[in-house]
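Examination of the molecular architecture
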Amino acid sequence: MKSPVVILSAGMPRSASTWMYNVVRSLLGACPDMSSRYSAGWFQDLAMMARNPYLLLKLHFYQAQLATYASLIFYSYRDLRDAMASQQARFGGPAEMAWADLYVQSHEQWMQCAAYAMKYENMLTDKHGIVENLAHVLASRFLAPLGIVTSSPDTDAIVHEVGKMSYDSPGPKNPLYHEVNLFHRRHIINGRAGSWRQVLDPGLAAAVADKYRWWFDKYGYDIDGECSDSRSVSRLTLA
């Protein structure tokens, strides 16, 4: 059997990467020429996936071998401090500078190869637009070269469908996560931009802002933690 064609759905931890993964999974499932020909799941569960010609794999931190092999890469990110605060609230902590270092290093690597980068703060305010962007990139960069013609997605249905998913959704699950949609128990803790102010140690938050001021400027965040523009999302949309 030929090696499978791989799509990666990567994301900074706690940046709605599971939401994005499920949107892409729903888009593939809605395509008649693709729905029975792909397998999807967490990248470390690859050995347990059904052998199909196409794979959709979810992961967080940069994996050079997978990134080089993949035919298409989606990536999500958010304010570093909100990602750290959400990680601390969900899995325990306390947060530390090493988290920010790892997030930034992996982020910069993914941004070099992602066909589309989803900014979390934009997803909060425009889920329908993000679904349309994901559908466009999937169709133009992956399906069309395979000779598969797609119609416009039912964005309302996808936003509604993915919005209802959780660990408690029907289907197989293990003690850690739902094995189809990959949501953990209590996956969504808060979701608000700027919630780091109530969670992170103030000294750590200030140190992250100081060390990575260039990152906040580059990706459209002001130093107080608010999202100041959406240019970094659109920059890769049609790449």
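That block above? That's the structure.
Quick caveat: nothing in here was measured; it's all calculated off a predicted structure. (Residues numbered from 1 in each chain as written. Predicted model: local features only at pLDDT ≥ 70, side-chain atom pairs only at ≥ 80, totals over all residues. Heavy atoms only, no water.)

Before going further, it helps to spend a moment on the packing of helix H3 (residues 80-91) against helix H4 (residues 97-113). Viewed as axis vectors pointing N to C, H3 and H4 meet at an angle of 125°, and their least axial separation amounts to 10 Å. Here H3 lies oblique to H4, going by the angle between them. Between H3 and H4 lies a crossing whose hand is right-handed. On H4, the residues touching Leu80, Ala83, Met84, Gln87 and Gln88 of H3 are Trp99, Ala100, Tyr103 and Val104. When its residues are assigned to classes, the contact of H3 with H4 shows seven nonpolar, two polar and no charged. (Axes fitted to C-alpha atoms, helices over the stretch in contact; angles between N-to-C directions. Helix = DSSP H or I, 4+ residues; strand = E, 2+ residues; numbered from the N terminus. Parallel < 35°, antiparallel > 145°, perpendicular 65-115°, else oblique. Left-handed = near helix turned anticlockwise from the far one by under 90°. Contact = heavy atoms within 4.5 Å. Nonpolar A, V, L, I, M, F, W, Y, C, P; charged D, E, K, R; others polar.)

This paragraph deals with the environment of Tyr62. Tracing the backbone shows Tyr62 in the loop between strand S3 (54-59) and helix H2 (64-69). The spacing of Tyr62 and Met12 is 50 residues in sequence and 9.5 Å in space, taken between C-alpha atoms. Ignoring anything within four residues of it in the chain, the contact list for Tyr62 reads Ala67, Ser106, Gln109, Trp110 and Cys113.

Membership of the largest hydrophobic core comes to 76 residues, with the highest contact counts inside it found for Trp19, Phe74 and Trp215. Considering every element that reaches this core, the biggest residue donor is helix H6 (residues 127-143), with eight residues. Once residues within four sequence positions are removed from consideration, Phe74 is found in contact with Ile7, Leu8, Ser9, Ala10, Met20, Val24, Tyr116, Leu134, Val137 and Leu138. (Core = buried A, V, L, I, M, F, W, Y, C linked by side-chain atoms within 4.5 Å. Buried < 20%, exposed > 50% of the residue type's maximum accessible area, 1.4 Å probe, protein only.)

Inspection of the entire model under this criterion finds 13 aromatic pairs. Among the aromatic side chains, those forming a connected cluster through ring pairs are Tyr62, Tyr75, Tyr77, Trp110, Trp215, Phe216, Tyr219 and Tyr221. Its guanidinium or amino end placed over the ring of Tyr221, Lys119 lies 4.5 Å from that ring's centre, counting from NZ or CZ. The ring of Tyr167 carries Lys173 above its face, with NZ or CZ at 5.3 Å from the centroid. (Phe/Tyr/Trp six-rings, centres within 6.5 Å; stacked < 30°, edge-to-face > 60°. Lys NZ or Arg CZ within 6 Å of the ring centre and 35° of its normal.)

Our next topic: the sheet that holds strand S4 (residues 72-77). An order of S2-S3-S1-S4-S5 is seen for the five strands of this open sheet, with the pairing classed as parallel. In this open sheet, the two strands that pair with only one neighbour each are strand S2 (38-42) and strand S5 (116-119). If you compare each strand with its neighbour and ignore which way they point, the axes differ by 15° on average. Direction of pairing for S2 relative to S3: parallel, over a ladder of five bridges. The residue of S3 that forms the bridge with Tyr38 is Tyr54. (Pairing = 2+ DSSP bridges.)

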